[in-house]
Amino acid sequence: MGTHRGNVVARSSRRGMSRRRLVGIVVPLLLPLIPVAAQAETVADSSTYVNPFVGTQDGGPDFGHGGGAGMTFPGAVTPFGMMQWSPDTVRTAGGGYKYEDNRLYGFSMTHISGPGCTGAQDFPVLPVSGIIGRSPAVDGAGYLQTFEHANEQADPGYYSVTTDSGVRTELTASTRAGVARFTFPKNKPGTLLLDVTGSVNGVDDSEITIDGNTVSGWALTGGFCGARTRYRVYFHATFDRKITASGAWKDNVIRPGATTTGGAAPTRRTNSGDIASNGLGTGLFLQFDSAQPVQMRTGLSYVSVDGARRNLAAEIGAQDFDAVRGNALDAWQRRLDQVQVTGGDQKRLQTFYSALYHVFLQPYIFDDVDGNYTGFDGQTHQVRPGHHYYATFSGWDIYRSEAQLLAWLAPDVASDIAQSMYDNAHVLGDVWDRWSHQNTITGVMNGDPYHSIVASAYAFGARDFDADGALASMVAGAERVGEKAGYTERPSNDEYQRLGWVPGQVSDTLEYNMADFGISQLAQRLGNAEVNAKFLRSAHGWQHLFNPRTGWLQPRSAQGRFGLLYNPADTEGYVEGNGAQYHWMTFHDVRALFDLMGGNAEAIKRLDTFFTKLNAGPHEPYAYLGNEPTLQTPWLYAWAGQPKRTQDVVSQALGTLFAPTPNGLVGNDDLGTMSAWYVWASLGLYPVIPGRAELFVHGPAFPRAEIRRSSGEQFTITTTADTDPAPYVRALRVNGENTTKAWLPESFALAGGRLDFTMGADPGPDFGTAKADAPPSFPVPR
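Source: prediction; values computed, not measured.

**A closer look at the layout of surface pockets**
In step 1: Considering only enclosed or pocket space, the largest pocket measures out at about 610 Å³ in volume.
In step 2: Taken together, 27 residues form the lining of the largest pocket, with Arg348, Ser651, Pro700, Ala701 and Phe702 sitting closest to its centre.
In step 3: Looking at the lining of the largest pocket, the elements that each hand over two or more residues are helix 4 (346-359), helix 16 (643-656) and strand 32 (714-721).
In step 4: No other element matches helix 16, which puts five residues into the lining of the largest pocket.
In step 5: Grouping the amino acids of the lining of the largest pocket by side-chain chemistry returns 15 nonpolar, nine polar and three charged.
In step 6: Approximately 320 Å³ is the volume attributed to the second largest pocket.
In step 7: Together, 21 residues line the second largest pocket, and Tyr105, Pro136, Gly140, Asp195 and Arg268 are the ones closest to its centre.
In step 8: Every element with two or more residues in the lining of the second largest pocket is listed here: strand 4 (103-108), helix 1 (140-143) and strand 11 (190-195).
In step 9: Here the lining of the second largest pocket gets three residues from one element, more than from any other, and that element is helix 1.
In step 10: The residue inventory of the lining of the second largest pocket, partitioned by class, reads 13 nonpolar, five polar and three charged.

This is the structure:
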């Protein structure tokens, strides 16, 4: 979530199934295949626990970083699906749907799950009862549809709502296509408004055409977090009922019988964040006899209208709504059942599987069924046979939890993500973005996070990509000073390379350090000792920012001076946080940080104070677990020999910051980041060091978990206890062998295995307390 500068954007802000369901269900066609070993039938159907509404309502205070909600969307989508057909409320939200608002302006086909900025929401379709009156461009309020939450339903791959006007809309999806079914009141004609200029941030150009019972079109749009970059998106739709009347509107003019229209329309916003008519916009209206439901089958593409037509033909063809919905459910069941947890109450299971559902939404497949995709250079490329090209990477967010979870559970997907990131950089001359939307650079947020993502993918065994080519490109990008392809990958990189830190910027320095550590680790794994040593050395630039007089990491001038006064709650020099929160972001060398602070006792004291509050926001010197920079901090106790305190903090966070309800997230989900944190924490594991695959342990939230990677490896996690409650780890067996370490080597995450926790009312006196049990740190090479 957040508000910060990028290079492109200065100071930009991002961010009827027969079985009865608890809250949700449904799944896609042609998703990345899960090997047979990962598709075995399971006893439970995990999809029954999913509530897609989680995160759509404010669950915490708005700290100025995109709002206090998850910013998710409840609509129809399949795992990693391009088609994300979902309702959009008048009141804006990052995911398009604000639970607090009861006014719908359409059901658009593209979305982003969890960002702090608005983006996408292309091609909204709005069904209304009756005939068209004034132009929707000038009378948008007159067409809005109100509804009650009691009249809507969301399951994985399915969404429906009956509006107060009596129109029922149902949505389902495959990977690149979808079906909408509209049921109109019988006493009036049914009308569909197809707004080709309705993208949430406006469009620069567009076209839409009707030909018989088909409609197709495209839009040139973009503007995520204010970015200047643009993408083209295309659709092709067919209808199973006769169109009895049609026409177009453009601005304030209605043209009955017109077969094509197009043009531009800027963003329409009020000061309150509502969408408002500004008299500009264009689209088609289609009228139907309301005696029978109308099915709209639609293909999506970012290559061409023909690509959208082929996607629709390949994935849906003549299948009806219920068949597509059933396929979508099957796909979600296969994907969600990769993680089977048992025990715990219903709310905990619902929270867990709703989080896992959100993990698998994005990034999403961006190539067409024929393998074509539009790259960052605007040209058409062909994906490797048997693979996919993925798009929309919330880099600053996902490198801390989401990327690792995808690499662990779905290394095939993570490999394609890494290759996609490299392909994007390569076509621009080795330029790596920070936050990419569709096939465009946005430059939102700070740092250089894709290097950590690629390194983490490789560490977790996602290695089916050109790692050597990626490493060379990463080095070129990290060493470049200044702009290339209209973008500066690392602002102030000249000073960072000369001094070892970015003057006045602690967060920028730490982010570059984490990126450099990722490069060093990938280089080490590929046998490049020279690059490994160079970037491991630069990854310790944070040490220049430690002020021994105060004991804090502080902003430092280019002349080497610290300010005379320092308040850890200050936000100057930090992004979406403050000094107390960024102080701990030396995850690759925590031992050195603790030693500089005066040792373990001082570190524990400072951490205990830090966790007095868990979601304090950026203006208090406490934890801010509703945002990314402090996500790893609960596990730092392991370096100080006090893993029991990790248990206290994690248990409290799981119980107070997450819930299986619309207001169940206290901060933006940021394309699965917060959800991934919950999944890891509930399993009793966490990947604390980006670029590495060690897993830190604490007591799991469920008595048993079975995990299957898409590559076939399996994991079993069990807990036993002879007291109730039993919050602390007393002992741990790894593959049948006792261990006193509160962390697992990288080999466990790669090979599979079994963890058996013994829990108790008090922590085991020998578990994780000895100096020899401390997790690894990676000091400056000598």
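Picking up where we left off.
**Digging into the state of the cysteines**
In step 1: Applying the stated criterion across every chain, the model contains one disulfide.
In step 2: Put simply, Cys117 and Cys225 are joined by a disulfide, and their sulfur atoms are 1.9 Å apart. Taking the torsion about the S-S bond as the criterion, the Cys117 to Cys225 disulfide, at about 95°, is right-handed. Here Cys117, found in the loop between strand 4 and strand 5 (125-129), pairs with Cys225, found in the loop between strand 13 (214-222) and strand 14 (230-239); they are 108 residues apart in sequence, far enough to count as distant.
In step 3: Overall, the relative accessible area of 8% leaves Cys117 in the buried class.

**So, the sheet that holds strand 31 (residues 704-708)**
In step 1: Ordered by their spatial adjacency, six strands build an open sheet running 20-31-32-36-33-34, and the pairing between neighbours is mixed. Of all the strands in the sheet, the pair left with one neighbour each is strand 20 (339-342) and strand 34 (737-739). Taken over all neighbouring pairs, the strand axes of this sheet differ in orientation by 20° on average, direction set aside.
In step 2: Relative to strand 36 (residues 753-760), strand 33 (residues 728-734) runs antiparallel, the two being bridged by six bridges. In the strand pairing of strand 36, Arg733 is matched with Asp756.

**Concerning empty space enclosed by the protein**
One way to see where empty space is left: roll a probe the size of a water molecule over the atoms.
In step 1: Roughly 80 Å³ of internal volume is contained in the largest cavity.
In step 2: Lining of the largest cavity is provided by Pro363, Ile398, Glu402, Ala403, Leu406, Ala407, Ala414, Ile417, Ala418, Ile453 and Ala457.
In step 3: Those elements giving two or more residues to the lining of the largest cavity turn out to be helix 6 (402-409), helix 7 (411-427) and helix 8 (450-459).
In step 4: A per-element tally of the lining of the largest cavity places helix 6 first, with four residues.
In step 5: Split by residue class, the lining of the largest cavity holds ten nonpolar, no polar and one charged.
In step 6: What the second largest cavity holds in volume is close to 50 Å³.
In step 7: As for the second largest cavity, its lining consists of Val54, Thr351, Ser354, Ala355, His358, Phe658, Ala659, Gly664, Leu665 and Ser675.
In step 8: For the lining of the second largest cavity, the leading source of residues is helix 4, giving four residues.

**Observations concerning the packing of helix 9 (residues 467-479) against helix 12 (residues 529-538)**
In step 1: In the contact formed by helix 9 and helix 12, the axes pass within 12 Å of each other and the chain directions differ by 35°. Crossing handedness for the pair helix 9 and helix 12: left-handed. Packed against helix 9, whose contacting residues are Leu471, Val475, Ala478 and Glu479, the element helix 12 presents Val531, Lys534 and Phe535 at the interface.
In step 2: Here the contact of helix 9 with helix 12 is built from residues that sort into five nonpolar, no polar and two charged.

The rules we used
- Residues numbered from 1 in each chain as written.
- Predicted model: local features only at pLDDT ≥ 70, side-chain atom pairs only at ≥ 80, totals over all residues.
- Heavy atoms only, no water.
- 1 Å grid on protein atoms, 1.4 Å probe; cavity = no way out; pocket = protein on both sides within 12 Å on 5 of 7 lines; lining within 4 Å.
- Points joined across faces, edges and corners; volume = space filled by probe spheres on them.
- Helix = DSSP H or I, 4+ residues; strand = E, 2+ residues; numbered from the N terminus.
- Nonpolar A, V, L, I, M, F, W, Y, C, P; charged D, E, K, R; others polar.
- Disulfide = S-S within 2.5 Å.
- Buried < 20%, exposed > 50% of the residue type's maximum accessible area, 1.4 Å probe, protein only.
- Pairing = 2+ DSSP bridges.
- Axes fitted to C-alpha atoms, helices over the stretch in contact; angles between N-to-C directions.
- Left-handed = near helix turned anticlockwise from the far one by under 90°.
- Contact = heavy atoms within 4.5 Å.

Spatial relationships are all this shows, so hold off on functional conclusions.
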